[in-house]
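Listed below are the residues making up each chain.
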Amino acid sequence: MTEMTDPVRPIRFDAGQQPDGQGTTTTKQWYADPTGRFQAGFWSSEPSRSEVTYAIDEICFLLEGTVRLTDAGGHAEIFRSGDSFVVPAGFKGTWENLEPVRKFYAIHKPATG
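Residues numbered from 1 in each chain as written. Predicted model: local features only at pLDDT ≥ 70, side-chain atom pairs only at ≥ 80, totals over all residues. Heavy atoms only, no water.

**Student:** Kindly report on the pattern of salt bridges, identifying the contributing residues and their values.
**Tutor:** Summed over all chains, the structure comprises five salt bridges. Residue Lys103 pairs with Glu58 through a salt bridge whose shortest N-O separation is 2.8 Å. One end of the pair, Lys103, is in strand β9 (residues 101-108); the other, Glu58, is in strand β4 (residues 57-64), with 45 residues separating them in the sequence. Note that Glu96 is salt-bridged to Arg68, the shortest N-O span being 2.9 Å. In this pair, Glu96 sits in strand β8 (residues 92-97) while Arg68 sits in strand β5 (residues 66-71), placing the two residues 28 residues apart along the sequence. When its relative accessible area of 14% is taken as the criterion, Glu96 is described as buried. In this structure Arg68 comes out as partly exposed when scored by relative accessible area, which is 27%. Connected via shared salt-bridge partners are Arg49, Glu51, Arg68 and Glu96. (Salt bridge = Lys/Arg side-chain N within 4 Å of Asp/Glu carboxyl O. Helix = DSSP H or I, 4+ residues; strand = E, 2+ residues; numbered from the N terminus. Buried < 20%, exposed > 50% of the residue type's maximum accessible area, 1.4 Å probe, protein only.)

Following this line, the structure appears as structure tokens:
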């Protein structure tokens, strides 16, 4: 018996996609697996600064902008358009959008037990 799966489908990036006017951030989820533990999509935001604690693993590919991540120990990394990076579950620190940011993301939520 052959198991049915979702077809492969392209993700078309709209270069004109900007924050949706509901605030400074827009998130468009393009895919979620049946368990909801894996998701992928697009995110954009105006310059901002947030304290974050990650309960998920996230891979980011910056399409536009500059981001500074500073961990709880004070170590900072700067990422620019064209860079990709992983933020692991358990990361605590500061996420700063130093200019308008647009990115593709994929996240994995660890199993809870």
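That covers the picture; the talk isn't over yet.
**Student:** Describe in detail the sheet that holds strand β6 (residues 76-80), supporting the description with residues and values.
**Tutor:** Spatial ordering of the open sheet is given by β3-β8-β5-β6, a layout of four strands whose pairing is antiparallel. Each end of this open sheet is capped by a strand with a single partner; those strands are β3 (48-53) and β6. Taken over all neighbouring pairs, the strand axes of this sheet differ in orientation by 20° on average, direction set aside. As defined by bridge partners, β5 adjoins β8 across five bridges and the pair is classed as antiparallel. Residue Asp71 lies in a different strand from β8, and its bridge partner there is Gly93. (Pairing = 2+ DSSP bridges. Axes fitted to C-alpha atoms, helices over the stretch in contact; angles between N-to-C directions.)

**Student:** Describe the nonpolar core, listing the residues and the values that go with them.
**Tutor:** Membership of the largest hydrophobic core comes to 15 residues, with the highest contact counts inside it found for Leu69, Phe85, Val87 and Trp95. Here the element with the most residues in this core is β9; it accounts for three residues. (Core = buried A, V, L, I, M, F, W, Y, C linked by side-chain atoms within 4.5 Å.)

**Student:** Tell me about the sheet that holds strand β2 (residues 38-45), residues and numbers included.
**Tutor:** Sheets are built from strands that pair by backbone hydrogen bonding, the pairs being arranged parallel or antiparallel. Taken together, five strands build an open sheet; the order of strands is β1-β2-β9-β4-β7 and the sheet is antiparallel. Both outer strands of the open sheet, β1 (25-32) and β7 (84-87), are each paired with one neighbouring strand and no more. Each strand of the sheet is rotated relative to its neighbour by a mean of 20°, with strand direction disregarded. Strand direction decides the pairing type here: β4 and β9, joined by seven bridges, are antiparallel. When the sheet's bridge partners are listed, Leu62 is paired in β9 with Lys103.

**Student:** If you had to explain the environment of Asp83 to someone new, which residues and values would you point to?
**Tutor:** Within the element layout of this structure, Asp83 appears in the loop between β6 and β7. Look at Asp83 and you get partly exposed, because its relative accessible area is 29%. With 16 residues separating them along the chain, Asp83 and Val67 place their C-alpha atoms 10.0 Å apart. Here the side chain of Asp83 touches Arg80 through a polar contact of 2.7 Å, landing on its backbone nitrogen. (Polar contact = N/O pair within 3.5 Å; in protein donor to acceptor, adjacent residues only side chain to side chain.)

Functional significance is not addressed by these values, which are geometric in nature.
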